[in-house]
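# Descriptive analysis of the structure
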Amino acid sequence: MEFQAFPVVFSFYRLTLKRWMMLVMQLLRGTVKHAGSSAQCSVKRLSSSVGGISSSSQQSCTDTDHPKVLITGGLGQLGVGLAKLLRRQFGKNNVILSDIRKPPNHVYHNGPFIFSDILDFKNLREIVVNNNISWLVHYSAVLSAVGENNVALAKEVNITGLHHILDIATEHGLRVFVPSTMEAFGPSSSSDPIPELCVQRPRTIYGVSKVHAELMGEYYHHRFGLDFRCLRYPGIISADSQLGGGTTDYAVQTFHAAVKTGSLECNLRSDTRLSMMYIDDCLRATLEFLEAPADTLVSRTYNINAMNFTLHQLIQEIQKVLPDLKVTYNVDSVRQAIADSWPMALEDSAARRDWGWKHEYDLSELVQTMLTHITTGNQLAQAY
């Protein structure tokens, strides 16, 4: 009888142990989820180097207190750059890049990459669930110049794709970041610098889709408690020559043409003034904003700003280093009309007050850094 009772007792303890282990797993899942909904891994001061973005400290997170991040549209300059920064902060395997294109080798071999089509709701949901995603950075988009030539595609990717992101993020309790843009404003917006709250009325499908994203994200936040976060980016400049079809691509083309050919044909008027930011500042702002405690965020959509300059001022600054640069103008009426509808500067005092935003690059620093990167061939994507 004693030997017959032993299996019963053993089974009882095995069942108790199993329940105890399930409880531990539930607690661990809660810890991981909490890491995605609050800033447990503090942002360290980041410094810039010739090789791109570098962190002034070693990785500050362990495998038990990190978010698990998915970046959609990850093969653009922002996706690749942000993945590099987040992997330094949270660990290589905790940041998954995704896109519908095959990645270049230097991207594929430097961290997890997965195929993801944001228009495929089921596939996107499976990726989130199977990889225990807690942060979702949504960079998939059709930009302004391309969007004006294919409005149907822009609506599908920028609006339908956004709806999929918001629904899945709400369903699984994710922190979601969706970038907006200065293109979310229009000619009827307030005088420069543009405040965060004003009439917007953009004139491009890209701008319209970004206003839609801002409003939908804020609605989901207030209606369903979604941790939605959005930054209105100015024009972003980096040494990556793989341009995305945006109107502000002219600034990047200016640098590459100056270094590689010594001559430049400009598609915008020389007096065109736009708000710009170097990519290191943009990526650092994104990380700091993602890690900001929710209770410090008065708004869910913030302007960020760094510098603004005319095309003529940019060329003058480049010619201080490359005095033989030759410049001609052949204005593209479509791109000029788009640029004329944008603000010259974004008012960003709320971001500086609420979560400590501060830019580091002005025009002279931007020009020196860009020319150095391009001249040495040490572009952001290649340095990855």
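Residues numbered from 1 in each chain as written. Predicted model: local features only at pLDDT ≥ 70, side-chain atom pairs only at ≥ 80, totals over all residues. Heavy atoms only, no water.

In the annotation of an unreviewed UniProt entry, the entry for the protein chain reads L-threonine 3-dehydrogenase, mitochondrial, and the organism field reads Perca flavescens. We quote the UniProt Function (unreviewed entry) comment for the protein chain here in full: "Catalyzes the NAD(+)-dependent oxidation of L-threonine to 2-amino-3-ketobutyrate, mediating L-threonine catabolism." (UniProt positions renumbered as here; feature names shortened; annotations may be inferred.)

Two elements in contact, helix α8 (residues 249-260) and helix α13 (residues 363-376), have axes whose closest approach is 10 Å; the angle formed by their N-to-C orientations is 55°. Classed by the angle they form, the pair α8 and α13 counts as oblique. α8 and α13 meet at a crossing whose hand is right-handed. For the pair α8 and α13, contact is made by Phe-255, His-256, Val-259 and Lys-260 and by Leu-366, Val-367, Met-370, Leu-371, Ile-374 and Thr-375, respectively. (Axes fitted to C-alpha atoms, helices over the stretch in contact; angles between N-to-C directions. Helix = DSSP H or I, 4+ residues; strand = E, 2+ residues; numbered from the N terminus. Parallel < 35°, antiparallel > 145°, perpendicular 65-115°, else oblique. Left-handed = near helix turned anticlockwise from the far one by under 90°. Contact = heavy atoms within 4.5 Å.)

So, on to the pattern of salt bridges. Counted according to the given criterion, the structure contains 14 salt bridges. Of the charged contacts, one joins Glu-214 and Arg-232 as a salt bridge, the two residues approaching to 2.8 Å between their closest N and O atoms. Within this pair, whereas Glu-214 is found in helix α7 (residues 205-224), its partner Arg-232 is found in strand β9 (residues 227-233), the two being separated by 18 residues in sequence. Taking the relative accessible area as the measure of exposure, Glu-214 reaches 2% and is therefore buried. Residues joined in a network through salt bridges with shared partners are Arg-175, Asp-227, Arg-229 and Arg-300. (Salt bridge = Lys/Arg side-chain N within 4 Å of Asp/Glu carboxyl O. Buried < 20%, exposed > 50% of the residue type's maximum accessible area, 1.4 Å probe, protein only.)

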